[in-house]
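The chain contents come next:
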Amino acid sequence: MPSPAEASGNSASRAVEIALASLEDSKAEEIVSIDIQGKSALADYMVVASGRSHRHVAAVADHLIKALKEAGLGTARVEGLSGADWVLIDSGDIIVHVFRPEVREFYNIEKMWSAPDMEDETLH
């Protein structure tokens, strides 16, 4: 029987696969998956993608929410769908950000999370 950490990892990997397939199917652009295990207790993975317009961002997010639910991964928490500049979809194991290109460029969150881990001795 897998340990809770292994079970969570399997669930997270499955959720990432479903999310990436949904984003590809919705023609999301510049899709990036970031492993944040050990960097944050928020989730195991973060996925960042872009839509071409408000309408495209909303459609991509809506498609993803339905795909996660249909896969039995529960109802994700969603923020920003009404404005569709930046939609955050939190399914527990993964967090997905869908941006309009200008908003993504401004916040550049994948750069922050992709940074290499600092050595413990350098922290103050």
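For the structure itself, consult the block above.
What this report covers is the structure whose coordinates are included nearby. Not measured: the values here are computed from a predicted model.

Rules behind the numbers
- Residues numbered from 1 in each chain as written.
- Predicted model: local features only at pLDDT ≥ 70, side-chain atom pairs only at ≥ 80, totals over all residues.
- Heavy atoms only, no water.
- Core = buried A, V, L, I, M, F, W, Y, C linked by side-chain atoms within 4.5 Å.
- Buried < 20%, exposed > 50% of the residue type's maximum accessible area, 1.4 Å probe, protein only.
- Helix = DSSP H or I, 4+ residues; strand = E, 2+ residues; numbered from the N terminus.
- Contact = heavy atoms within 4.5 Å.
- Pairing = 2+ DSSP bridges.
- Axes fitted to C-alpha atoms, helices over the stretch in contact; angles between N-to-C directions.

Overview of the nonpolar core
Then, in step 1: Judged by nonpolar contacts, the single largest core of 26 residues is most densely connected at Leu 23, Leu 64, Leu 68, Ile 89, Ile 94 and Val 96.
Then, in step 2: Listing elements by their share of this core, those giving two or more residues are α1 (4-25), β2 (45-50), α2 (54-70), β4 (86-90) and β5 (94-99).
Then, in step 3: Sorting elements by how many residues they give to this core places α2 first, with seven residues.
Then, in step 4: The residues touching Leu 68, leaving out its near neighbours within four places in the chain, are Ala 15, Ile 18, Leu 73, Gly 74, Ala 76, Ile 89 and Ser 91.
Then, in step 5: By size, the runner-up hydrophobic cluster in this structure holds 10 residues, among which are Ile 34, Ile 36, Met 46 and Val 103.

Some thoughts on the sheet that holds strand β3 (residues 77-79)
Sheet strands associate in pairs through backbone hydrogen bonding, adopting either a parallel or an antiparallel arrangement.
Then, in step 1: The strand order β1-β2-β5-β4-β3 describes an open sheet built from five strands, whose pairing is mixed. Two strands in the sheet have a free side with no partner beyond their single neighbour: β1 (29-35) and β3. Pairwise comparison of adjacent strand axes, ignoring direction, gives a mean angle of 15° for this sheet.
Then, in step 2: Strand contacts of α2: β3, β4 and β5, with the helix running at about 5° to β4, the strand carrying the most contacts.

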